[in-house]
Amino acid sequence: SSTSQQEFDYLFKLLLIGDSGVGKSTLLLSFTSDTFEDLSPTIGVDFKIKHVTLGGKKLKLAIWDTAGQERFRTLTSSYYRGAQGIIMVYDVTRRDTFTNLADIWAKEIDLYSTNQDCIKLLVGNKVDKESERVVSKKEGIDFAREYGCLFLECSAKTRVNVEQCFEELVLKILDTPSLLSEGSSGVKKNIFKESPPQNDASTTGCCSS
Ligand code: GDP
């Protein structure tokens, strides 16, 4: 398509992680298209491309979604490899999705993330269901402080704060020189055209120190 030919200054690989049902696919769809749909679950890692201009830079965002694989705990190092940004999503109406971020997902990030300075954003989703909320905003803030993440609450359904999630993450990446170098997979110019960066041996050196 003509979209894939668009010029850009940086390519960023962003990941969505978190328990099944927290709204990762909906968040991605909400950001990359204009409609909210009740998604039927699909299996297999997938990604979407979005071109944005932020901080004066033309960016090509390859945003990866687990698309159900997380249910089988089969996300592997290749999913995480070369990511500049990770969005850790929980559902503010389900406490287990919040505690699993610390118990499971944060550990997996430490294990597999190849960019040491990779930016993490904690996202509490489904704030439109305020009457069913069980995880307070304060708890989110405290978690983010402890794990060194950015933090936002949003609704993928009403689209409140959805753009802000991606913008905050990307602006922080742009503010982190080590994530913009050639050694990271923040590949400059049109090297990346048809497929997302993965299994690139040149990115694995980033975690060696
Ligand atoms: P995933 O498994 O993490 O990808 O979650 P999905 O995106 O498939 O969402 C799981 C369910 O939650 C679906 O029925 C969505 O329609 C619903 N959902 C996702 N985001 C929101 C939200 O912000 N508010 C509400 N009320 N429902 C949502």
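Here, the structure is the one placed above.
Since this is a predicted model, take the numbers as computed values, not measurements.

Caption draft 1: Region of interest: the overall build of the protein chain. Secondary structure summary: the protein chain contains five helices and six strands in total. Ordered by position from the N terminus, the helices and strands of the protein chain form the series β-α-β-β-α-β-α-β-α-β-α. Here the protein chain holds 209 residues, and 49% of them are scored as buried. Expressed as a percentage of contacts within the protein chain between residues at least 6 apart in sequence, the contacts between residues at least 24 apart total 75%. Carbon and sulfur atoms make up 49% of the accessible area of the protein chain, which amounts to about 9800 Å² in all.

Caption draft 2: Summary view of the side chain of Glu-108. Tracing the chain through its elements places Glu-108 in helix 3 (residues 95-112). For Glu-108, the contacting residues outside a window of four places in its chain are Leu-75, Tyr-80 and Ser-113.

Caption draft 3: Structural context of the sheet that holds strand 4 (residues 85-91). Read across the open sheet, the six strands follow the order 2-3-1-4-5-6; overall the sheet is mixed. At either end of the open sheet lies a strand with only one pairing partner, and these are strand 2 (46-54) and strand 6 (150-153). Adjacent strand axes in the sheet meet at a mean angle of 25° when their direction is disregarded. By the bridge criterion, four bridges tie strand 5 (residues 119-125) to strand 6 in an arrangement that is parallel. Each residue of the ladder has a partner; that of Leu-122, found in strand 6, is Phe-151. Lying over the sheet, helix 3 contacts strand 1 (10-17), strand 4 and strand 5, oriented at roughly 155° with respect to strand 4. Together, strand 4, strand 5 and strand 6 form the strand contacts of helix 4 (residues 137-147), whose direction differs from that of strand 6 by roughly 160°.

Caption draft 4: Structural view of the state of the cysteines. Counted by the stated rule, this structure contains zero disulfides. Note on Cys-154: no disulfide assigned, nearest cysteine sulfur contributed by Cys-165 at a separation of 4.2 Å. Residue Cys-165 is classed as buried on the basis of its relative accessible area, which comes to 0%.

Caption draft 5: Main features of the pattern of salt bridges. Across all of its chains, the model carries seven salt bridges by this definition. Its salt-bridge partner being Glu-139, residue Arg-95 comes within 2.9 Å of it at the nearest N-O pair. With Arg-95 in helix 3 and Glu-139 in helix 4, this residue pair connects regions lying 44 residues apart in the sequence. Using a relative accessible area of 27% as the deciding quantity, one classes Glu-139 as partly exposed. Note that Glu-153 is salt-bridged to Arg-133, the shortest N-O span being 2.8 Å. Of this pair, Glu-153 sits in strand 6 while Arg-133 sits in the loop between strand 5 and helix 4, and the two are 20 residues apart along the sequence. Residue class for Glu-153 comes out buried when judged on its relative accessible area of 10%. Judged by its relative accessible area of 22%, Arg-133 is partly exposed.

The rules behind these values
Residues numbered from 1 in each chain as written. Predicted model: local features only at pLDDT ≥ 70, side-chain atom pairs only at ≥ 80, totals over all residues. Heavy atoms only, no water. Helix = DSSP H or I, 4+ residues; strand = E, 2+ residues; numbered from the N terminus. Buried < 20%, exposed > 50% of the residue type's maximum accessible area, 1.4 Å probe, protein only. Contact = heavy atoms within 4.5 Å. Areas by Shrake-Rupley, 256 points an atom, 1.4 Å probe, with all protein chains shown as cover. Pairing = 2+ DSSP bridges. Axes fitted to C-alpha atoms, helices over the stretch in contact; angles between N-to-C directions. Disulfide = S-S within 2.5 Å. Salt bridge = Lys/Arg side-chain N within 4 Å of Asp/Glu carboxyl O.

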